[in-house]
Amino acid sequence: MKFKGVKIAAIIVAAVFLLFFSNDFGLIDIEKTAIITAVAIDLEEDGEYKITAQIAVPEATDTNTENLRAQIAGKGSTVGAAIKNIGDTSGWFPQLCFCNLIIVGKGFSDYNIIKVLDYFSKTLRIQDSALIVMAETDGAELLKLSTPLDNISSFALQKILLKNAGLNRDIAMCDVKSFCTGYYSDAGSAYMPLIKVVLQKAENEKTSAEDTDGAESSGSAGVAGGGSSGGSGSGGESGGAKGDAIFNANTTALFLHGKKVGELDADLTLAFNALTRDFATSTFEVKDVNTGGEPLNYLLTVFSCKASRSLTVSENGITLHVSLDVYAKISDMNGETSDLEYIKNLPLPVYVKERAEADFTERITDLIRTEIQTGCDFLDVKKELYRKHHSYYSVYKDNFIENLSYSVSVSFTGQK
């Protein structure tokens, strides 16, 4: 018996060594593996898919401190074929296990997007938690851009989408699992952030002017001193190309049965997150508040937010009841003088409270109207109908949107 444990341990060690030494070392060789951090999917005119992969390039030397980015593209009649084409044409094995971002190009706006996302939901090569976004332009264009703080666009986008605690909850984040779950649900509804690019035109024009002056100066020096002007021109071009874009992800694209049917602007996205996500630490502006004198603007910070949604169902239709209780404080205002005291517990003035309640009531009302108009059930009305009012599900499952009415109640309180 005393040798039984030793025999079992020896068998386990032998099995581990067998699996280790039988592995294909060509697939884990860092010099032959493309570690993909993001992929962009675009629809070509001939109907084929173009996959552009942004990869992390292994540094051959430590003398270059610049954060490099590289893109490899492949085409195919399916997403899997396009990804395989990347390896066939480049000689690098495309490794997707570190891919955390999937960008869908604008060409899929009128297209059943599940045809391209289904591959990522079923393959074991990529995580279900990989984020999905739609680009306002071609997806490959986003990968070519750089921001002031990060030269790799996919890293910059992930920092915006995955905000740390203390920042605003103003983006309706979505991953592969969430989108496909919504698509295959009875409502067939899903959403994802819509990425817009804001160019820093003023900075670009200033940089261009400086580069032009520098080129003229270096050109004069080049006549006298040989070929030094070429090096100066190259450095100026590199500096001007970096940091010329900022990404905006506050708009949300809505999908019904895989096709884009509408959008939520920044205000409606904020209201949607207040109803469906942790909204603490978010801020929002209350503008043109009537204080009895000049209208003022206030910035409120949310301490806590309790949202509830319920249905009342009868033969006469469906009523969606939305309630929102917000506990907030004033963080800033634009008045020349303030009647607010610098004390620890500061209640919300009546005029600020009433205007904040009116603004959020209007936002939530517009949010529900958008659901009715687009047919996209991003508020999960049909799911609630099935779970808690199953006796009426067969009656309203095909026309619940047409029979939907609503009531909205918003309450703001401050420190006491």
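Residues numbered from 1 in each chain as written. Predicted model: local features only at pLDDT ≥ 70, side-chain atom pairs only at ≥ 80, totals over all residues. Heavy atoms only, no water.

(A) Up close: the packing of helix α10 (residues 266-276) against helix α11 (residues 350-374). It is at 9 Å that the axes of α10 and α11 come closest, and there the two elements cross at 95°. In terms of orientation, α10 and α11 fall into the roughly perpendicular class. In contact with Asp 267, Leu 268, Leu 270, Ala 271, Phe 272, Ala 274 and Leu 275 of α10, α11 contributes Phe 360, Arg 363, Ile 364, Asp 366, Leu 367 and Thr 370. (Axes fitted to C-alpha atoms, helices over the stretch in contact; angles between N-to-C directions. Helix = DSSP H or I, 4+ residues; strand = E, 2+ residues; numbered from the N terminus. Parallel < 35°, antiparallel > 145°, perpendicular 65-115°, else oblique. Contact = heavy atoms within 4.5 Å.)

(B) Geometry of the side chain of Thr 52. Note that Thr 52 resides in strand β2 (residues 49-56). A residue is classified by how much of its surface remains accessible, and Thr 52, at 6% relative accessible area, is buried. Among residues more than four places away in sequence, those in contact with Thr 52 are Ala 38, Val 39, Ala 40, Gln 71, Ile 72, Ala 73, Ala 140 and Leu 143. (Buried < 20%, exposed > 50% of the residue type's maximum accessible area, 1.4 Å probe, protein only.)

(C) Here's a closer look at the packing of helix α3 (residues 79-90) against helix α4 (residues 114-122). Their axes nearest at 9 Å, the elements α3 and α4 cross at an angle of 70°. Judged on the interaxial angle alone, α4 and α3 are roughly perpendicular. Taking contact as the criterion, the partners of Val 79, Gly 80 and Ile 83 in α3 are, on α4, Val 116, Tyr 119 and Phe 120.

(D) Representation of the nonpolar core in the model. Of all hydrophobic cores here, the largest spans 48 residues; its most connected members are Leu 300, Leu 324, Phe 360, Ile 364, Phe 378, Leu 379 and Phe 412. For this core, the secondary structure elements donating two or more residues are α10, β10 (283-289), β11 (296-314), β12 (317-333), α11, α12 (381-388), α13 (393-396) and β13 (404-413). The leading source of residues in this core is β12, at 8 residues. Each of two domains, domain 1 (25-264) and domain 2 (276-416), supplies a minimum of three residues to this core. (Core = buried A, V, L, I, M, F, W, Y, C linked by side-chain atoms within 4.5 Å. Domains from an automatic or database assignment.)

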